[in-house]
Structure formats: structure tokens, C-alpha cells
Amino acid sequence: MGKVMLEVKNLKTKYVTRFHEDVYAVDGVSFSIEEGKSLGIAGESGCGKSTLALSMMGYYFPPLHYMSGDIIIDGKNISGMDPDTVRKTILGSEIAYIPQAAMNALNPTQKIIRFLEDVIHAHDPKKSKKEIREMAEARFTEVGLPLDALDKHAVELSGGMKQRTVIAVSTILNPKVLIADEPSSALDVTSQKLVIKMMRELMEKGHVKSMLFITHELPLLYNVTDDIMVMYAGQIVEKGTAKEMVFDPIHPYSHGLMGSILVPEEGTRGQKLGAIPGAPPNLKKPPDGCRFAERCKYACPECFYSSIPERPFGEGRMYRCLKEIDELKEVYSHE
Amino acid sequence: MSEAVREQKDFTNAPLCLSGKGVTKVFGFGDKRTVAVDHVDFEFHEGEFVSIVGESGSGKTTLSKMLLGLSNATEGEIYFQGKLRDISNGHKKKEYWKGIQAIFQDPFSSFNTFQKIDTVLLDCINMRGGKNLSKEEKTKLMTEACNFVNLKFAELTNKYPFELSGGQMQRLMIARIFLLKPKILLADEPTSMVDACSRATILDMLLNLRDETGMTVIFITHDIGLAYYISDSVYIMEHGKFVEYGKADEVILHPQAAYTKRLISDVPKIHEEWDLSTVDLKADA
Amino acid sequence: MKNTIRQVFHSPKFVGGFVIFVAILLTMIIYPLFNPGNPLQQIGVGTFAKPGTYVSLYDATRAQTETFRLPEADENRLAASLTDEDRVAMVEYFTAVGVDITDLDTSDTDTLLQMWEDNYDPSVRPKGMTGARVNYFKRLNNSLQDLKGGDTVIIAEEGEDGALLESKSISTTDYVRTGAVANVKTLPLGTDNFGRDVLKELVSATGTSIGIGLLAGVVATLIGLTFGLLAGYLGGFVDDFIMFITNIFTVIPGFVLLILISYSIGQEQRGAAVVATVIGLTGWTWTARSVRSQVISLRNRDHVNLSKLSGHSLLRIILTDILPYIASYVVMAFILQVSSGILAEAQLSLLGLGPRTTEVPTLGLMMNWAMLYSAHTNGSWWAYFPVILVITLISFSLNLMNTGLDQVFNPTLRD
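Just so it is clear, the structure is predicted and the values come from calculations on it, not from any experiment. (Residues numbered from 1 in each chain as written. Chains lettered and ligands numbered in written order. Predicted model: local features only at pLDDT ≥ 70, side-chain atom pairs only at ≥ 80, totals over all residues.)

## Some remarks on the overall build of chain B
Turning to step 1, where the next piece is worked out: When helices and strands are counted, chain B shows 11 helices and 10 strands.
Turning to step 2, where the next piece is worked out: Since a compact globule built from 285 residues should have a radius of gyration of about 19 Å, the 20 Å found for chain B is in line with a globular shape.
Turning to step 3, where the next piece is worked out: Overall size of chain B, expressed as C-alpha extent along the three principal axes, is 65 × 45 × 40 Å.
Turning to step 4, where the next piece is worked out: Burial statistics for chain B: of 285 residues in total, 44% are counted as buried.
Turning to step 5, where the next piece is worked out: In chain B, the share of contacts with a sequence separation of at least 24, taken over all contacts with a separation of at least 6, comes to 69%. (Helix = DSSP H or I, 4+ residues; strand = E, 2+ residues; numbered from the N terminus. Rg over C-alpha atoms; globule rule 2.2 N^0.38 Å. Buried ≥ 20, exposed ≤ 12 C-beta atoms within 10 Å, placed from the backbone. Contact = placed C-beta atoms within 7 Å.)

Here it is in C-alpha cells:
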């Protein structure tokens, strides 16, 4: 077992709306990532996966509020730190974050090298411009980005190139954890492949110690990460290796989700897709029992009121359901 | 994924529903002249489920606007049910739009947020000449349409579209098509902004709609896996041209054009390995 | 809709502006009930009577008197009679004769008079003082002696033979109750150059000006909205043509245009309504431009396409699919137009190109009159300052409401 790079214990965060209502977006999430590993989070929009990414950085700004739980990065607990300390000591060097529209977040009036200077100076104000340029050139060469991009403005780069530049800039300080929230969703498949390849290179060369990858595209997640967690209504409902999750999902929700995968491969044409009717519950008042019960085909009355614990099984797997594994597999096989 | 595979029907002998010859759209003049759609030919048959696959900027949305008659082609002819399409005045356009309808990408901007759901559905009944039906008959029709898309009409009355989720809104759009019963449905990325689970539901409903009414569905998408799953025939579009078209099985499983091959190999898959080793990071520079 | 209105009334800025505006409107409605009559009636003969309560002297001498011996009566009388000019002159004299005036408070009449008594010597001619000045101080001394002496005022009547007969003597201790005097008139803001009650005029002028603003706003918004909608939705040639006209109107400074049109209409034809329409006719370009750009971004939205596919007519699409989306925007533009309409009227009238002066007062006309009769140079602040204050308040309240609405309707401005 490798060294644990990121550990999240029972993290709870909430949003406070304009009308002072609490929305429990992340409700008791625990997981860990070892060195050299990548973890994927799958789920519908609104399930809390992007909020989880924001919460993990310890960078809290209204309307997002920290409630309880621990975020431990390489042995250092960052939960409850004030945002300013987090910005100076954690972001960039410990955690790098790439949001979906990252490529549009670059100030169009600045050259790329300026962003690198900003990132490095936030942690080491003494570094000279020459040293920074050397660092940047070394890294850009390594990940196959053209060196002249350093002196260009963001608008002069193509979409895929911009996204790769953003990744190169945010990982220049060799972070322990890279959080990528839909980093390639806005790109064409060809650019997507380049972005993923580059992230994988960064991991392989040890510049990035571990990665948390968030996307709603399951085939992509399957190909990018070692492990996958499925999130539903602010909670993790199932966890396992990518292969196990795609080919052997246990939780009824994961089962439905995996059944909806569409890829251009022989035999997928015209098959029945796993559709789940209904909508996720309102997180202002989360249900007492299983959060998925309302939409679950296999729910029994007990599911609606008894709280469902995380149930570990196999090698590091977990699922959150009242039913036994065999029971669920039995029903799936009859479908 | 265990149920029987839907069989591949042959539409080559079915009558033509919509076809085009040399359809072209040019924007701008001089230096700014861009050819968005470049002399494309196509033949969509009655009852066929056709996908037009292309990446962003390939001209698929421009083509869809021309097919819908929302913008005019710079060059080329479009034939509707064998006859040259004539949409030269408002009245003729109205007639044409009785035969072709659309579902758009973004459900949140597809509805007039100031109109109640009843108004939207009633409007469809009126358009189909049901203006003089009694109130009960109208309600019956609307309930039927909502049932078809698994929505409860009784719960929707007096509600506004924005009170629904994205998936529910797209289903309401399908209910609208169900009431209008056009010859052709043009669906422009109807599932790209909804969740995987709602997506499956919507695709199923579109297939059912086609089977029940025999309408031609033109499905525009960037997702080649989705196109393969749902369509009878596939048109692959690159830079305003169709680089390859044919039956879904043939095009996806045995692609001929280089672009199609690249597109398919670049999409992550689950049974075949997604090969990143050949990717050259410097290629993009 | 209900929710939007609720949100609007939760915005402190909007509510602030709304309260001020409603207060002005209520004053406009309620004040004339207590003080009816023609606001342009000349109640006085002289110009610029100071604000205050006026008591008829004639009636006061005939009113029943009471005798009071108020302790400070003499002092107050002296203080009121001794003008500021006299006080300054006295200080000048003290300085000239070398009296220490370091602790002297010129408003303290008693001390001042006492010092005068102690130091004034008509026989002494201070160094460097002109003869004329010495004589002035002699006269000042005499009038001060008069002030102190004389206990009664005698009122005389002309007898049959032309001789004056004493009819009544008024002692310094005689008082009349204001209620017992037949004619008392309170003028909180005095009178203007024509001897008209400024407050009454102001209330009436505020009403007229708001009316002009509203009419100008309606005209400008209607023209701007129609042009903007047509240009934005139809595009192509119509757009080019309308934008050509709009650009012409934008390039020529609106105010110059306004002056030229007002001048060419001629004094006789310029009623309040005509002026308002002219203001509206020159102020629509801004609305047209912004409505057009909003419509352009809306016209390619899917719901508009869907409405077209449903076979709806152009008018119906504009009314049901475009207009509701820009309604909040148009309301805000309208409020700004009203505010700028009121200001434009004030500017025009100040130049003498406002509504003709015989019928109704407007805020601009009041300023015009005050300026023509030099109210600003002769210190008659009440003739123009309240007018400025009212214009500012109306403008402020409307802009405040607009900012409040902007915050509600424009999500990027929300905090």
C-alpha cells in the first residue's frame, strides 16, 4: 500500500441560500487516495460532486460553509484553516484545482508567463523571473507544450491548448493532489485525448502525486482513473475499482448509471439502456432513510426511514444499501 | 445491457422524406467569407432515425437551421416529400412547419418562461386544427401526451416550465412533438445538457415516438457512441461536408473515412482499450 | 411575477426611492386641499417677500389689546431694530478710538449699547476718519438715542378740518393675539418676484413637471421600444435604416436639437404637453439602442425559434416571446427617461424655451423667473433653492428606484 496523499473523513459542508435556507450539499463523505493513484467521482449534475471538490480545497467562501469533518493532505489537516492561509500555503503546492471552464478563467490581458509568476510568487516571493522562466520552460518541454506559448496571451491559443496550459500552470509547484472537475467536457474528443494524456504524464513522472477526477462521462472516467466513487445526493453510494464499478455495480443507482453508458462499440447498438425515472431529493430537507429510495425499483418500506450505513466488502469496496449483495445481483440477473 | 438487440431495418427502399442536393451556407463576404455548410447531399427516408455527427464548428447546427427553414440556404435545393421545398412566404413556411418540428439542445431556453405549460400544449392542439374541440377533449389529448413521456398532466397544470428539471423539460418537448405529429422531427443535441439517467429515458421515448408515428427523426449530436446506439443511418460531418454516411453498423464498425476512424478511436470506450500511447503531445502545437 | 414584485420591495434602494417619490406625490395631492386656489395668483404687490407669517398692521391696531410686561421685551425690540450694518459700524468706531474689543460679541445687544454709551463722544474726531464718517456716527448715535426713548406710538386720524387728531396711542406693553387679528397670512417660502405664494406655486409646479416627465418618458419609451424591437427582431434593411436614423439623432446633441425644435415651435404653441412631447421625441435613441441589442440576443434563442415553428405571427412573437423578457429593462429605461425628462424641461425653461409662462408653473419656469429677477444675486434664496431641492429629490428618488430594480433584475449585480 502506498502512502496516503489525501484523506477525507466524514466531511460535511452546506450552502446557505439568499433566503437563509441550508442546503446540505456534501453530507458525510469519507475516502482516501494513495500516492500514484487516481480516483474518479461520478454522479448526476447536482449530486454534490463539484461542491465536494470545492470543499476539499478548504477554500470556503459564502454561500459555501464548512460544517465538520477532516481533510488531511499528506498528514496535514487543513480543515478549518482560514481561506487566506489556504490560498497562500495550500493551493498550488498541496492542492491544484482545475475547474471546468478553467480555460476561460485566464485574464486575456496577461501573458501566460505572468500566471506562472503569480502561482510561484504566492509561495516563494524570492524566486527571480529568470528562475521562473527556466522552471516553466522545463515543464512545458516535458508535457509537450510549445515554449512560445509562454509569451502569448490566452486568446492566441486554441481551446485544447488553453486547457493544457492551465493544467501546466496550476501544477508547476508539483501538488500532492490534483482536483480536476470536468477538465475536458468543453473540448472536442481529439483535444480531450491530449488533455488526458498530459495529466497521465504528469502523474507518471511524479509531478502530481495523486488525482481526483470528476466527470459525468463514465467511459472517460473508466479510462482515466484507478478507482471510482458514485455520488448521489451529497453522499457516496458506492466505491470500487474502475473495472468493478463499470462491470459489476452493486448499488441500484450505480447499476442504473452504468447501464446508461453509450460507446461506439459492437453490440451496444439497440440495447436497452438503464434508465432511472424521477429526480434527486431536495437537499434542503434530505430524506431520513435511503436518499435513493424514492427512485429505486427495489426499495422496500424499510428503506424509506432507516438510516443506511456505508457497508464495506471485498477489497476496499463499499456500498450504501439495505439489501445484501447477493440479493441485488439476483434481481439484476433477471432483468 | 441484457435485452435483445434492436434489429437493423433497411430504409433504402422507403420513400424519401427530406433530401437535399448541393446545400450550401456561406456567411460573410470577402476576407470574412466562411463556408459553414459546403455542398452537402443527403437523403432521409420516411421512418428513418438518422444521426448527423460532428464536432463543434462542423456546421451541423447551421445545417439544422436550414433544414428547419429558419435560415435560407445560399445554394442548393431541399426536397420535402419528393417535392422542391417552397418557403418563400409566411403562409408557405407555416405549412412546411406543420411537417417538421424540432427539439433543441438547451431545455432551459427552449420554453418561454412567461407561459404556463398548459398554454404550450394547448398551442400545439390548436396548431393541429383542434381549436374547436371541447375542453374535455383537449384535456384528454394533453393527458395522453404527458402519459407518453411519463409526466402527470394533472401535476403540470398551472406550472411554469422552469419549475421542472432539465430532463422533465425535454420530455415535455417530446410531449409537444407527440401532439403535433410532424412528418419529421429534428432533434438538435436534445440530451447533451441532461444527466445520463434522464438521457436514457429521453432516447427511449424518441425511439418509441418514431415507432408509434412513423416519423423521420434527424438526430444531431457530437457523441458518436450515442449516434451509434440510436440511429439507423449516420452522417459524419467535418468542416461543412459529409465525409461518410451509411447504415450505423457499417459506418461505426467499419469506418472508411480517415476522419471517422480518428473520431471513433478518440472516444473513450469500455471494452476496447483507449489507446493513449500513440498520442503525440506535440502534435497540437 | 408576484415573486418579482416581492423581491423588488425587498430592495432597500428601491423602497427608499419609492418612499421619497410617493411622499412628493402625496404632498402634491394633499396640499392643494388645504390651500386651494390658483397657484399663479398674485397675492402680493412687491417682489420677494421673505418667508414668514404676515400680520395686517391695520387690523392689528384695531384688535383688542392685552397688557403684558414681558421682561425681555425692550431688549428684543432693541436687538431687532439694531441692524447688522449698525453693529459692524459700531465695532469700526470702537477700533478707531482704540477700545479693546477682543471679548466683544456683536450679537449681544446690551453690552454693545453699554459700550457705545461709555465710549462715544461726539466731540472727538478719531484719527484718519473722514468728516462724512464722523457725521454718520452722529446720526447713528441719534437713532440709538431714539430707540431707547419714547414709550408710546400715537396713531392719528385726519379730522374734518384736515387737522390730525389722536385716535389711539399704542404703548410698548400692548399686545394683540394673532388669532384676534383679522388678517394673518403665513408664507412658509415667501413670495416670488410677482408676489405669488412660492410654496403653492412649487407644489403645483412639481405636479406639472412630473406630468411633463411622465409624458416625455412615455413618448420616448414608446418610440424607442418600437424602433428597438423592429430593428432588433427584423434585422437586415429595417435594422440598417432604423439604426441610421438613430445614429443621426445620437450624433446631434439632444439638447441642441431640443432647443432648436422648441425655438421653431414658437412661444404661443408651447404648452406643457407640447414641450413634453418634444422632449420625448429627442430622447428615445438611448432606449432604442439598448432594446435593439437585447432583442438581437433574444431573437436567436430557442424559444423564439420554437414559436416560429409553431407558426406564430410576427406580432405575437414580439409580444409574447420577446417583450416579456425585456419588460424589466424597459421599465428601468422608462424611469430614467422620466427623470431626464424633468431635468430637460428645467434646462429648457431656464433658457426661456419652456412652456409659455401664462398658464401653469413648472419647476423650470420657477427657476427661470427667479433668475430673470435676480433672486440669486439679491439673496432671495426661497425663490429658487426649494425648486432645486425638489428637482434633486425627484431625480434622486427615481434613480434610486432604478438602481434598486437593476439589482433585482440584473443577477450579476446581486451580492
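After that view, the rundown keeps rolling.
## Notes on the nonpolar core
Turning to step 1, where the next piece is worked out: Ile-179 of chain A together with Ile-174 and Ile-218 of chain B are the most contacted members of the largest nonpolar core, which has 178 residues in total.
Turning to step 2, where the next piece is worked out: Sorting elements by how many residues they give to this core places helix H7 (residues 166-180) of chain B first, with 9 residues.
Turning to step 3, where the next piece is worked out: Judged by nonpolar contacts, the second largest core, of 70 residues, contains Val-203, Ile-212, Ala-216 and Leu-353 of chain C. (Core = buried A, V, L, I, M, F, W, Y, C linked by C-beta atoms within 7 Å.)

## Focus on the interface of chain B and chain C
Turning to step 1, where the next piece is worked out: Every contact between the two is made by 15 residues of chain B and, on the other side, 12 residues of chain C.
Turning to step 2, where the next piece is worked out: For the side of chain B that touches chain C, the secondary structure elements donating two or more residues are helix H2 (90-99), strand E6 (100-103), helix H3 (107-110) and helix H4 (117-127) of chain B.
Turning to step 3, where the next piece is worked out: Partitioned by chemical class, the residues of the side of chain B that touches chain C number 8 nonpolar, 4 polar and 3 charged. (Nonpolar A, V, L, I, M, F, W, Y, C, P; charged D, E, K, R; others polar.)

## Description of the interface of chain B and chain A
Turning to step 1, where the next piece is worked out: Between chain B and chain A, the contact holds 43 residues from the first and 45 residues from the second.
Turning to step 2, where the next piece is worked out: Where the side of chain B that touches chain A is concerned, the elements lending two or more residues are helix H8 (196-213), helix H9 (224-230), helix H10 (248-253) and helix H11 (258-266) of chain B.
Turning to step 3, where the next piece is worked out: With 7 residues, the single largest contributor to the side of chain B that touches chain A is H8 of chain B.
Turning to step 4, where the next piece is worked out: Grouping the amino acids of the side of chain B that touches chain A by side-chain chemistry returns 23 nonpolar, 7 polar and 13 charged.

## Focus: the pairing of strand E8 (residues 216-221) of chain B
Residue and element names in this part refer to chain B.
Turning to step 1, where the next piece is worked out: For E8, the buried fraction is high: 6 of the 6 residues fall into the buried class.
Turning to step 2, where the next piece is worked out: Judged by which residues are buried, E8 turns out to be covered on both faces: Thr-216, Ile-218 and Ile-220 on one side and Val-217, Phe-219 and Thr-221 on the other are all buried.
Turning to step 3, where the next piece is worked out: Bridging between strand E3 (residues 49-54) and E8 involves 5 bridges; their strand directions are parallel. Opposite Val-50, over in E8, you have Ile-218 as the bridge partner.
Turning to step 4, where the next piece is worked out: Where strand E7 (residues 184-188) meets E8, 5 bridges bridge the pair, whose relative direction is parallel. Paired with Leu-186 across the two strands is Ile-218, which belongs to E8. (Pairing = 2+ DSSP bridges.)

## Some points on the environment of Lys-12 of chain A
All names here are of chain A.
Turning to step 1, where the next piece is worked out: As for its placement among the helices and strands, Lys-12 is situated in strand E1 (residues 4-16).
Turning to step 2, where the next piece is worked out: Classification of Lys-12 as partly exposed rests on a count of 17 C-beta atoms within 10 Å.
Turning to step 3, where the next piece is worked out: Along the sequence, Lys-12 and Ala-25 sit 13 residues apart, while their C-alpha atoms lie 7.9 Å from each other.
Turning to step 4, where the next piece is worked out: Excluding residues within four positions of it along the chain, Lys-12 makes contact with Val-26, Asp-27, Gly-28, Met-67, Ser-68 and Gly-69.

## Quick look at the sheet that holds strand E1 (residues 16-27) of chain B
All names here are of chain B.
Turning to step 1, where the next piece is worked out: The strand order across the open sheet built from 4 strands is E2-E1-E4-E5, with neighbouring strands paired in antiparallel fashion. At either margin of the open sheet sits one strand with a lone partner, and together these are strand E2 (34-45) and strand E5 (83-84).
Turning to step 2, where the next piece is worked out: For strand E4 (residues 75-80) and E5, the ladder comprises 2 bridges, and the chain directions are antiparallel. Its bridge partner being in E5, Tyr-79 is matched across the sheet by Leu-84.

## Quick notes on the environment of Gly-280 of chain C
Turning to step 1, where the next piece is worked out: Mapped onto the fold, Gly-280 of chain C is located in helix H11 (residues 272-282).
Turning to step 2, where the next piece is worked out: Each C-alpha atom, one on Gly-280 of chain C and one on Thr-403 of chain C, is 22 Å from the other, the two residues being 123 residues apart in sequence.

## Focus on the confidence of the model for chain C
Close inspection of predicted coordinates is inappropriate in any region flagged by low pLDDT.
Residue and element names in this part refer to chain C.
Turning to step 1, where the next piece is worked out: Residues of chain C with pLDDT of at least 70 account for 97%, and the chain-wide mean is 86.
Turning to step 2, where the next piece is worked out: Mean pLDDT per element in chain C: helix H4 (residues 73-81) is the minimum at 78, and helix H8 (residues 198-234) is the maximum at 94.
Turning to step 3, where the next piece is worked out: Overall fold confidence (pTM) sits at 0.80, and the ipTM for the predicted complex is 0.89. (pLDDT = per-residue confidence, 0-100.)

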